[in-house]
Each structure stands twice: as structure tokens, then as C-alpha cells.
Amino acid sequence: MIALLKNNIRFIALIVVVLALVVANVWFFMQWQSADGELAEVKNSETRAKTNLGIARANLEETRDSNQKEIDKLQAEKAALSGVQAWPQQFSFVSLDDYLAKGLSIFPIEIKKVIPSSSASTVVISGKNYPGYETRVTVKGKLPDIIAFLGYVEDGPFNSLKTHNIKFTYDEASWLGEFSIIVVSQG
């Protein structure tokens, strides 16, 4: 058998070379399939990225439009307020009382007491002294109505008004709200 193999060494070498070529072709085919799969995955990722980019651009445009509308609204409010003084030149307790009385027609509450201070206190703003006029108010009603009335007072025509010392107590099937109002004037 060894003699037969020695005589057919060329044939055996040819078979070994053919087998090596077949193995190499199979290996290259598998590598090509793997690369083809990776290419498909990269193309899918690219498509998803382009879709996400389109969505992000649409959201950016929508946000930009919304922000521009908000900017336009705020600029209109600023223009409307530019003629309004930050706080009044002088303060009148009568105008505050009138405003509080108008609130009675809007909110189902009862004003029990309105006690203005006998003199102005000093309020320091940015290192300057200004007169601050305090008024103690006691109201009676349902708690949501009292809270809404407080919002009405704070959002009223007095730009330099603040409320403090707010206290709520429950008394005989209704609520009492006590709070102080300070209005700062320029002189």
C-alpha cells in the first residue's frame, strides 16, 4: 500500500489541494454571509436613525413654533405693562376697601373685619426705604372660596401688594381666614 501511495503522490497532492480549495471556499462563503448580515443590520440601523432624526426635527420645529408663540405673548404682555408703574405714587385705603368689596360680588364669602394700620411701616427694597401700608383682613366662608379670594386680592390692580400672616381656622361649619395685606407706595 505504501508503494501504491508513493506512485500516486501527485494524485494525493491533487486531492489535498482540492480539499484545501473547497475548505477555503466554504470559509470565504461563510465570511461573506456574515458580512452580508452585518451590512443588512447596518442598513436597518441607518434607516432607524434617519427616521428618528426626522421625528426629532419635527419635534424641534413644533417646539420652536410653540416657544415663538410664547415669546410673542410675553412681549405683548411686556408692551402692555410698560406704561404701568411698578407701584403707586400714593396709596389710598379707600381704593383697597373698594377692591375688597368688589370681591364680595364674585366670591361667596363674608368680610368680618378690615383693619388698616394707623401709620405706614418702612419697607426696604433694593436698599431704599418706601412706605408700606398694612391692612388686616378677616373673612368667613368655604375654604376654597377664601383661597380664591386671596388669589383675587394678590392678582388685583395693586402691583406692589403682598399678603402674609395667612391663617385659616374652622369655626361653626365654616372657615375663617385671616391675613395681612401690605401695599408699598413710592411716597
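Residues numbered from 1 in each chain as written. Predicted model: local features only at pLDDT ≥ 70, side-chain atom pairs only at ≥ 80, totals over all residues. Heavy atoms only, no water.

A. Quick look at the overall build of the protein. A tally of regular secondary structure across the protein gives four helices and five strands. Each helix (α) and strand (β) of the protein, taken in turn from the N terminus, gives the series α-α-α-β-β-β-α-β-β. Across the 187 residues of the protein, 21% fall into the buried class. The contacts in the protein between residues at least 6 apart in sequence include a share of 65% that link residues at least 24 apart. For the protein, the accessible surface area stands at approximately 13,700 Å², while carbon and sulfur atoms represent 60% of it. (Helix = DSSP H or I, 4+ residues; strand = E, 2+ residues; numbered from the N terminus. Buried < 20%, exposed > 50% of the residue type's maximum accessible area, 1.4 Å probe, protein only. Contact = heavy atoms within 4.5 Å. Areas by Shrake-Rupley, 256 points an atom, 1.4 Å probe, with all protein chains shown as cover.)

B. Representation of unusual backbone geometry in the model. Phi is positive for Asn165, which is not a glycine, with a value near 50°. Along the chain, Asn165 falls in strand S4 (residues 161-171). Even without being glycine, Ala173 reaches a positive phi, approximately 70°. For Ala173, the position within the fold is in the loop between S4 and strand S5 (174-184).

C. Just the pattern of salt bridges, in detail. Inspection of every chain in the model, using the stated rule, returns four salt bridges. When the shortest N-O distance is used, the salt bridge between Glu61 and Arg64 registers 2.8 Å. Of this pair, Glu61 and Arg64 both sit in helix H2 (residues 9-81), three residues apart, which is roughly one turn of the helix. You can call Arg64 partly exposed: its relative accessible area is 45%. (Salt bridge = Lys/Arg side-chain N within 4 Å of Asp/Glu carboxyl O.)

D. Examining helix H3 (residues 93-104) more closely. Between its first and last C-alpha atoms H3 spans 17 Å; for twelve residues at 1.5 Å apiece the expected length is 16 Å, and the two agree. Those residues of H3 lying buried are Leu96, Tyr99, Leu100 and Gly103. On an axial view of H3, the arc spanned by its buried residues comes to 100°, and they lie on one face. Across from the buried face of H3, at angles greater than 90 degrees, the exposed residues are Val94 and Lys102. (Expected span 1.5 Å × (residues − 1). Arc of directions from axis to C-beta.)

E. Region of the structure containing the environment of Thr135. Within the secondary structure layout, Thr135 lies in strand S3 (residues 128-141). Note: C-alpha distance between Thr135 and Ser117 (18 residues apart in sequence) is 5.9 Å. Thr135 has contacts with Phe93, Leu96, Val114, Ile115, Pro116, Phe179, Ser180 and Ile181, leaving out every residue within four places of it along the chain.

F. Quick peek at the nonpolar core. In this structure, Leu100, Val139, Phe149, Val153, Leu161, Phe179 and Ile181 are the most contacted members of the largest nonpolar core, which totals 17 residues. Counting only elements with at least two residues in this core, the list comes to H3, S3, helix H4 (143-154) and S5. With five residues, the single largest contributor to this core is H4. (Core = buried A, V, L, I, M, F, W, Y, C linked by side-chain atoms within 4.5 Å.)

G. The packing of aromatic side chains, seen in detail. Counted according to the given criterion, the structure contains six aromatic pairs. Note on Trp27 and Phe28: the rings are 5.2 Å apart at their centroids and 65° apart in plane angle, and the pair reads as edge-to-face. Judged by its relative accessible area of 48%, Trp27 is partly exposed. Among the aromatic residues, those joined into a ring-pair cluster are Tyr99, Phe107, Phe149 and Tyr152. (Phe/Tyr/Trp six-rings, centres within 6.5 Å; stacked < 30°, edge-to-face > 60°.)

None of the figures reported here should be taken as evidence of function without further support.
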